[in-house]
Amino acid sequence: MTERHVPDRGSPLAEVAEWHPIDGTPTKKKVAVGCSIGATIETYDFIGFGTAAALYFNDAFFPASDPLSGTLLSFATLGIGFAVRPLGGIVGGYLGDRIGRKPVLVGSLLLMGIATVLIGCLPTYDQVGVWAGVLLVAVRVVQGLAFGAEWGGAILMCFEHAPWRKRGLYTGITQAGFPVGLLLANLAFLISVPLGGTWAWRVPFLLSALLIAVGIFIRLKLEESPEFEELKEEGEVSKNPLAEVIRNDWRNIVRAFCLRTAETAGYAVSVTFLLSYLSKEDLADRPVTLTALMVAAGIGIFATTFWGALTDRIGRRPVYMFGTAATLLWSVPLFLVVNTGVATAIVLAFIVSYAVCQNSLAGVQGAWFPELFATKTRTTGASLAYQLSAVVSGFTPLVATALYAGVGWVGPALLFMSYGLLGLGAALLTPETWGRAERDEVAALQRSFSAPTTPGAAPQPRTASDQRQLITDSATD
């Protein structure tokens, strides 16, 4: 078996362009934007639930007699969606490596849309009692499954269409769909505040129906990944990508899990929990907190793309180490700043937490995670590592709330710090996949297209994981 991950140096450019040229496919920009729009819509749906859980669901779906218990139950429901995301990642990753990236993109978006619209139609605790919470949990499970399947398909589709030397930039564009979704979700909640009552949280979820229709239309027009098509033509599609990636790349799954936990669980403390904290301590009203989050999300759209593009210039690991170190150092000052109750300080706190700490990590993941895995198991491996961390991050607001009840704001601050430390350690232990040597090699290969050809040169694998796969396959043959 030979995977043509880097084309033969003697091959004409036309032959290389048949499957994946170094400069990317002709539809690379369309794919990047399409994946980003889909990510925007799914984030609007999934993160909107987090905002509603922090601001409304504690007394809408649970008894209002005990506010703290209601908040704990609300965050527990939020966590359930995260807990089932690994299952969605496994299913979506398996299907993505078996039948293609595109069907997973369309199916996950449709499933998410149906679940989100249903949330806007659910009865409250005052109307049906405990059944309100039960129904909310059921719909949240469906959301979690859909979102778990989404990321791997979107990122891998963009990654495998992108220019080799700009994968950080292109996957950063897709990752930027998440702050766009965050911005739109909180804008919807801010606008709906004057409606009052249950309409204040129902309307944002019902509006999702319009976004889903647009997203499905766009994704149906995207072309399948050229690398998956190549594997299919060669008959090298993995028969059991889950078993294969666990057997061959379990170490990278663990590393990526720790890297991702630092980002997503850190967000759960510095944004999701902080929204609830500001409300409970009367440090800011809802318009101020939502505005602060919207400003941070607006900046995050450009910050995520910037961090991704920066990895193309200096490598994946340095940027990730910076982001995790920033998380580590920002943990205590974050709460000291918001405790002032000054609106400007609160806005600044959200900007640092999101645009610097979170975005610097999210912007790297889109390129770094896929590069850790072989092409034929890439969707499964990247999705599994990415979504397993959701179990930790999903229940982090619940843990942070419990720590806050026990020891005050110091507890959540130390929790935030521990996630930064975890991510920094994982970054040190994870192989650099786009260091100076890799950048120089691809640059030389790109220059060679204008030089005289030398037939018979052997193709080279593009990632360390592919190299291990070639060695294994050669031994088997």
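In case you missed it, the structure is sitting above this.
Just so it is clear, the structure is predicted and the values come from calculations on it, not from any experiment.

A. Fine view of empty space enclosed by the protein. The full count for this structure, using the stated rule, is three cavities of 30 Å³ or more. In this structure, the largest cavity encloses a volume near 410 Å³. Surrounding the largest cavity, 31 residues form its lining, Ile 47, Glu 263, Thr 264, Tyr 267 and Gln 358 being those nearest its centre. At the level of elements, helix 2 (28–55), helix 4 (67–83), helix 8 (131–161), helix 10 (177–192), helix 14 (241–280), helix 17 (343–371) and helix 18 (378–394) are the ones that each hand at least two residues to the lining of the largest cavity. With eight residues, the top contributor of residues to the lining of the largest cavity is helix 14.

B. Focus on the layout of surface pockets. The computed volume of the second largest pocket comes to approximately 180 Å³. Together, 13 residues line the second largest pocket, and Val 91, Leu 95, Ser 108, Leu 111 and Ala 149 are the ones closest to its centre. Secondary structure elements with two or more residues in the lining of the second largest pocket: helix 5 (85–98), helix 6 (101–119) and helix 8. The element that contributes the greatest number of residues to the lining of the second largest pocket is helix 6, accounting for five residues. Among the residues making up the lining of the second largest pocket, the classes are represented as nine nonpolar, four polar and no charged.

C. Region of the structure containing the nonpolar core. Formed by 90 residues in total, the largest nonpolar core has its most connected members in Phe 57, Phe 61 and Phe 350. The element that contributes the greatest number of residues to this core is helix 14, accounting for 15 residues. Residues within four places of Phe 57 in sequence aside, it is in contact with Phe 49, Ala 52, Phe 62, Ser 74, Ile 119, Leu 136, Trp 201 and Phe 205. Within the second largest apolar cluster, ten residues are counted, among which are Ala 32, Cys 35, Cys 158 and Ala 162.

D. Main features of the pattern of salt bridges. Inspection of the entire model under this criterion finds seven salt bridges. Residue Arg 316 is joined to Glu 371 by a salt bridge in which the shortest nitrogen-to-oxygen separation is 2.7 Å. Here the residue Arg 316 occupies a position in helix 16 (residues 316–338), and Glu 371 occupies one in helix 17, the gap between them amounting to 55 residues. You'll find Arg 316 and Glu 371 in the same group, each marked buried. Residues joined in a network through salt bridges with shared partners are Asp 97, Arg 101, Glu 160 and Arg 378.

E. Focus on a positive patch on the surface. A surface patch of positive charge is lined by Lys 29, Arg 165, Lys 166 and Arg 447. Tracing the backbone shows Lys 166 in the loop between helix 8 and helix 9 (167–175).

F. Expanded view of the environment of Ser 360. Structurally, the position occupied by Ser 360 is in helix 17. For Ser 360, a relative accessible area of 0% gives the class buried. Sequence separation between Ser 360 and Gly 323 is 37 residues; the distance between their C-alpha atoms is 5.3 Å. Setting aside residues up to four positions removed in sequence, Ser 360 forms contacts with Trp 307, Val 319, Gly 323 and Ala 355. Among the polar contacts listed, one links the side chain of Ser 360 to the backbone oxygen of Val 356, at a separation of 2.5 Å. Polar contacts involving the side chain of Ser 360 include one to the main-chain carbonyl oxygen of Cys 357, which spans 3.2 Å.

G. Main features of the packing of helix 5 against helix 18. Where helix 5 contacts helix 18, the two axes come as close as 8 Å, and the packing angle between them is 175°. Between helix 5 and helix 18, the crossing angle belongs to the class labelled roughly antiparallel. Each of Arg 85, Pro 86, Gly 89, Ile 90, Gly 92, Gly 93, Tyr 94, Gly 96 and Asp 97 in helix 5 lies in contact with helix 18, whose residues at this interface are Arg 378, Thr 379, Thr 380, Ser 383, Leu 384, Tyr 386, Gln 387, Leu 388, Ala 390 and Val 391. The class makeup of the residues in the contact of helix 5 with helix 18 is eight nonpolar, eight polar and three charged.

H. Structural view of the packing of aromatic side chains. For the structure on display, the rule yields 14 aromatic pairs. Where Phe 273 meets Tyr 404, the ring centres are 6.1 Å apart and the plane angle is 65°; that geometry is what we call edge-to-face. Placement of the pair is Phe 273 in helix 14 and Tyr 404 in helix 19 (residues 396–407), with a sequence separation of 131 residues. Ring geometry for Phe 369 and Tyr 386: centres 6.4 Å apart, planes at 75°, overall edge-to-face. You can see Phe 369 sitting in helix 17 and its partner Tyr 386 sitting in helix 18, a full 17 residues away along the chain.

Here is what the cut-offs are and how they apply
Residues numbered from 1 in each chain as written. Predicted model: local features only at pLDDT ≥ 70, side-chain atom pairs only at ≥ 80, totals over all residues. Heavy atoms only, no water. 1 Å grid on protein atoms, 1.4 Å probe; cavity = no way out; pocket = protein on both sides within 12 Å on 5 of 7 lines; lining within 4 Å. Points joined across faces, edges and corners; volume = space filled by probe spheres on them. Helix = DSSP H or I, 4+ residues; strand = E, 2+ residues; numbered from the N terminus. Nonpolar A, V, L, I, M, F, W, Y, C, P; charged D, E, K, R; others polar. Core = buried A, V, L, I, M, F, W, Y, C linked by side-chain atoms within 4.5 Å. Buried < 20%, exposed > 50% of the residue type's maximum accessible area, 1.4 Å probe, protein only. Contact = heavy atoms within 4.5 Å. Salt bridge = Lys/Arg side-chain N within 4 Å of Asp/Glu carboxyl O. Patch = residues over 30% accessible without salt bridge, like charges linked within 9 Å, V, L, I, M, F, W, Y side chains within 5 Å. Areas by Shrake-Rupley, 256 points an atom, 1.4 Å probe, with all protein chains shown as cover. Lys, Arg positive; Asp, Glu negative; His and termini not counted. Charge placed at Lys NZ, Arg CZ, Asp CG, Glu CD. Polar contact = N/O pair within 3.5 Å; in protein donor to acceptor, adjacent residues only side chain to side chain. Axes fitted to C-alpha atoms, helices over the stretch in contact; angles between N-to-C directions. Parallel < 35°, antiparallel > 145°, perpendicular 65-115°, else oblique. Phe/Tyr/Trp six-rings, centres within 6.5 Å; stacked < 30°, edge-to-face > 60°.

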